[in-house]
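Chain residues, written in single-letter form:
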There are 2 protein chains.
Amino acid sequence: MLDHTDRQIINELSKNSRITMKELGEKVHLTGQAASARVAKLEDHGIIEGYSIKVNQSKIGYSVHAIIHIYTKSTNHQPYLSFIKKQEEYVLHNYKISGESCYLLECKFQSNDILDEFLTT
Amino acid sequence: MLDHTDRQIINELSKNSRITMKELGEKVHLTGQAASARVAKLEDHGIIEGYSIKVNQSKIGYSVHAIIHIYTKSTNHQPYLSFIKKQEEYVLHNYKISGESCYLLECKFQSNDILDEFLTT
DNA sequence: TCAAATCCTTTCATTAATCAAGTAAAACAG
DNA sequence: CTGTTTTACTTGATTAATGAAAGGATTTGA
């Protein structure tokens, strides 16, 4: 399925996804066009799901980083899931943990006060 | 520090960091050149730390995703930290948790057997 | 062994990025 | 209030990257 060149491409794009196809090609010993075709294929196969940036959250005012263990009482998780959807501003990631009906919620906050407010909501 | 346009730019690049500066400019009502200058400034200020891709790990053979709570016995974390450095293939993220001398380790594995092997190392 | 498919390269037209110059508005010192 | 500097932007010209098309080499399979 994936050959060495594909793995190299994934590795290079993980490090810098805004590299030009020409440069990427040079790194993996292909022309820009060939590299571009490989990348398109990886996208088509759903292996590359998207392109994003890493943001320094503390520099934009979110200095508190928290990982919160969520234990849902009811087996219906919908109320919880719609709650975190509304709280998008604070939520970085919501991990569903296997076994127990439990989540790990990775969040960012401007202050501990706001974290406390969030926790008591 | 950050105005509305900067926040829009961060938002758009979070969704798709391979957008062209021209398109980004259109989204935030600037020319490509102006958008590019804004982005360069965000990079210079360390707000944008990097550009990356989201990879579907299960499609490249890592079907097991685990979050492992690490309790270090000794206060010297160096042995642990150098261990996870060697295990880069499996490690997605290592979170230092406040308070207790403890980490949360987010990992990927090809199988539960390999996870077990990792846990007993 | 022949046909089809895959993967690459080269070439060329189109499009985007970059660089330089110029403008308008805001910030600021005298 | 005024002249100066800085900032943020636009426009226009140049350079570079992208995308499409054509063709060649290698592999796959009937």
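What surrounds DNA strand C is the set A:L30, A:T31, A:Q33, A:A34, A:R38, A:K41, B:T20, B:M21, B:K22, B:Q33 and B:S36. Counting only atoms of DNA strand C within 4 Å of the protein, the fraction found in sugar and phosphate groups is 78%. The side chain of A:T31 places a nitrogen or oxygen atom 2.7 Å from a phosphate oxygen of DNA strand C. A distance of 3.1 Å separates a base oxygen of DNA strand C from a polar side-chain atom of B:Q33. Looking at which element gives the most residues to the surface near DNA strand C, the answer is helix 3 (residues 32–44) of chain A, with 4 residues. In the surface near DNA strand C, the residues fall into 3 nonpolar, 5 polar and 3 charged.

This next bit is on the packing of helix 1 (residues 4–15) of chain A against helix 2 (residues 21–28) of chain A. All names here are of chain A. Close contact between helix 1 and helix 2 brings their axes to 10 Å; oriented N to C, the two are set at 130°. The orientation of helix 1 with respect to helix 2, classified from their angle, is oblique. In this structure, the crossing between helix 1 and helix 2 has a hand that is right-handed. Residues T5, Q8, I9, E12 and L13 of helix 1 pack against L24, K27 and V28 of helix 2. When the residues that make up the contact of helix 1 with helix 2 are grouped by side-chain class, the tally is 4 nonpolar, 2 polar and 2 charged.

Let's shift gears to the confidence of the model for chain A. On average, residues of chain A carry a pLDDT of 94, and 100% of them reach 70 or more. Here helix 4 (residues 78–86) of chain A is the element of chain A with the lowest mean pLDDT, 92, and strand 1 (residues 48–55) of chain A is the one with the highest, 98.

This brings us to the pattern of salt bridges. The tally for this structure, following the rule as stated, stands at 10 salt bridges over all chains. A:K27 serves as the salt-bridge partner of A:E12, at 4.0 Å between the closest nitrogen and oxygen. A residue pair is termed long-range when its members are at least 10 positions apart, and A:E12 in helix 1 and A:K27 in helix 2 qualify at 15 residues. Here B:R38 makes a salt bridge to B:D3, at a shortest N to O gap of 2.9 Å. Here B:R38 is found in helix 3 (residues 32–44), whereas its partner B:D3 is found in the segment before helix 1 (4–15), with 35 residues between them in sequence. Here the salt bridges do not stand alone but share partners, grouping A:D3, A:D6 and A:R38 into one network.

The rules behind these values
Residues numbered from 1 in each chain as written. Chains lettered and ligands numbered in written order. Predicted model: local features only at pLDDT ≥ 70, side-chain atom pairs only at ≥ 80, totals over all residues. Heavy atoms only, no water. Near = heavy atom within 4 Å. Polar contact = N/O pair within 3.5 Å; in protein donor to acceptor, adjacent residues only side chain to side chain. Helix = DSSP H or I, 4+ residues; strand = E, 2+ residues; numbered from the N terminus. Nonpolar A, V, L, I, M, F, W, Y, C, P; charged D, E, K, R; others polar. Axes fitted to C-alpha atoms, helices over the stretch in contact; angles between N-to-C directions. Parallel < 35°, antiparallel > 145°, perpendicular 65-115°, else oblique. Left-handed = near helix turned anticlockwise from the far one by under 90°. Contact = heavy atoms within 4.5 Å. pLDDT = per-residue confidence, 0-100. Salt bridge = Lys/Arg side-chain N within 4 Å of Asp/Glu carboxyl O.

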